[in-house]
Amino acid sequence: MPEGHTLHRLAKLHHRRFAGGVVRISSPQGRFADGAALIDGQMLTQADAWGKHLLHHYASGLVVHVHLGLYGKFTESTAPFGDPVGQVRMRMIGAGRSGEVFGADLRGPTACEILHESEVETLVARLGPDPLRRDADPDLAWQRIRRSQRPIGALLMDQGVIAGVGNVYRAELLFRHGISPHRPGREVSTGEWGELWADLVELMQVGVQRGKMHVVRSEHDHGAPSYAADRPRTYVYRRVGEPCRLCGTTVLHAVMESRNLFWCPTCQPC
């Protein structure tokens, strides 16, 4: 599932390409036809993101809310535009302030729906602070973590605690700070939390800038290849059974609250 940096990167792209201009919206697949009819021909005023949620704000006050889920993806294009290929839930075509015409086809999202601003406020109220937003307050997350007996590995993935963190950032962040994912939140110190948050902000900002996660420090970025040909190296994520890049201990795997978990028992002792 795409993590928060992907949605923020999309929001920046869509704001740059479409904001300030009229956007033609259709639903070739048909599943978003009613919603498309409500906003077709309106001006997009802003595209932004909160955690894993993409929000397109229109001049009428209506908002398109997109959650990509496991399979959702935007395909960006420039004119001339061909016929839609595959199950396109939403097609956007428009020119923003630059005057250049762009298109974007959305396929396979978990959610693509029309919300009113009040409903957006309700959605955001359920989410924790987003490390990529300037208005993020890390203390809101810390107040939940410091009182919880749940493991920190589960709390980091809880979108109501922190918005935008997924499995890769969870695994790699805890490794970088030598914290076992099984440690209860209430046993994480104030100092450790401050370091975790600062590092998370920096890592996710790199993800927005580069379009890919880069989580391995430069001095460790060598040796065994990544878990996939088109991905940067990781310390533990999807490296079960392989030696730790720092100590050589076998990387372990477990399932925590229905999500795969990876860690080094030596570098991240309980």
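Just so we're clear, the structure is a prediction, and the values are computed from it rather than from any experiment.

About the cut-offs
Residues numbered from 1 in each chain as written. Predicted model: local features only at pLDDT ≥ 70, side-chain atom pairs only at ≥ 80, totals over all residues. Heavy atoms only, no water. Core = buried A, V, L, I, M, F, W, Y, C linked by side-chain atoms within 4.5 Å. Buried < 20%, exposed > 50% of the residue type's maximum accessible area, 1.4 Å probe, protein only. Helix = DSSP H or I, 4+ residues; strand = E, 2+ residues; numbered from the N terminus. Contact = heavy atoms within 4.5 Å. Expected span 1.5 Å × (residues − 1). UniProt positions renumbered as here; feature names shortened; annotations may be inferred. Axes fitted to C-alpha atoms, helices over the stretch in contact; angles between N-to-C directions. Parallel < 35°, antiparallel > 145°, perpendicular 65-115°, else oblique. Left-handed = near helix turned anticlockwise from the far one by under 90°. Nonpolar A, V, L, I, M, F, W, Y, C, P; charged D, E, K, R; others polar.

Comments concerning the nonpolar core
So, point 1. Counting residues in hydrophobic clusters, the biggest one holds 36 residues, and the most contacted among them are Ile152, Leu156, Ile162, Tyr169, Trp193 and Val236.
So, point 2. Of all the secondary-structure elements, those providing two or more residues to this core are helix H4 (138–145), helix H5 (152–155), helix H6 (167–176) and helix H7 (190–210).
So, point 3. If one sorts the elements of this core by residue count, H7 sits on top with 8 residues.
So, point 4. Not counting chain neighbours up to four residues away, the residues in contact with isoleucine 152 comprise Ile145, Leu174, Ile179, Ser180, Pro181, Arg183, Pro184, Gly185 and Val188.

Concerning helix H1 (residues 4–18)
So, point 1. Here H1 contains 15 residues, and its C-alpha end-to-end distance of 21 Å stays within 8% of the 21 Å for a straight helix at 1.5 Å per residue.
So, point 2. For H1, every residue scored as buried is listed here: Gly4, His5, Leu7, His8, Leu10, Ala11, Leu13, His14, Arg17 and Phe18.
So, point 3. Phi turns positive, to about 90 degrees, at glycine 20, one or two residues after H1.

Observations regarding the UniProt feature "domain: Formamidopyrimidine-DNA glycosylase catalytic" (unreviewed entry) in the protein chain
So, point 1. Per the UniProt record, "domain: Formamidopyrimidine-DNA glycosylase catalytic" (unreviewed entry) is found at residues 2–94.
So, point 2. End C-alpha atoms of residues 2–94 are separated by 25 Å, and the span's content is 24% helix alongside 42% strand.

Notes on the packing of H6 against H7
So, point 1. It is at 10 Å that the axes of H6 and H7 come closest, and there the two elements cross at 130 degrees. Between H6 and H7, the angle falls in the class oblique. Every pair of crossing elements has a handedness; the one defined by H6 and H7 is right-handed. Facing Tyr169, Leu173, Leu174 and Arg176 of H6, the residues of H7 in contact are Leu196, Asp199, Leu200, Leu203, Met204 and Gly207.
So, point 2. Per-class residue counts for the contact of H6 with H7 are 7 nonpolar, 1 polar and 2 charged.

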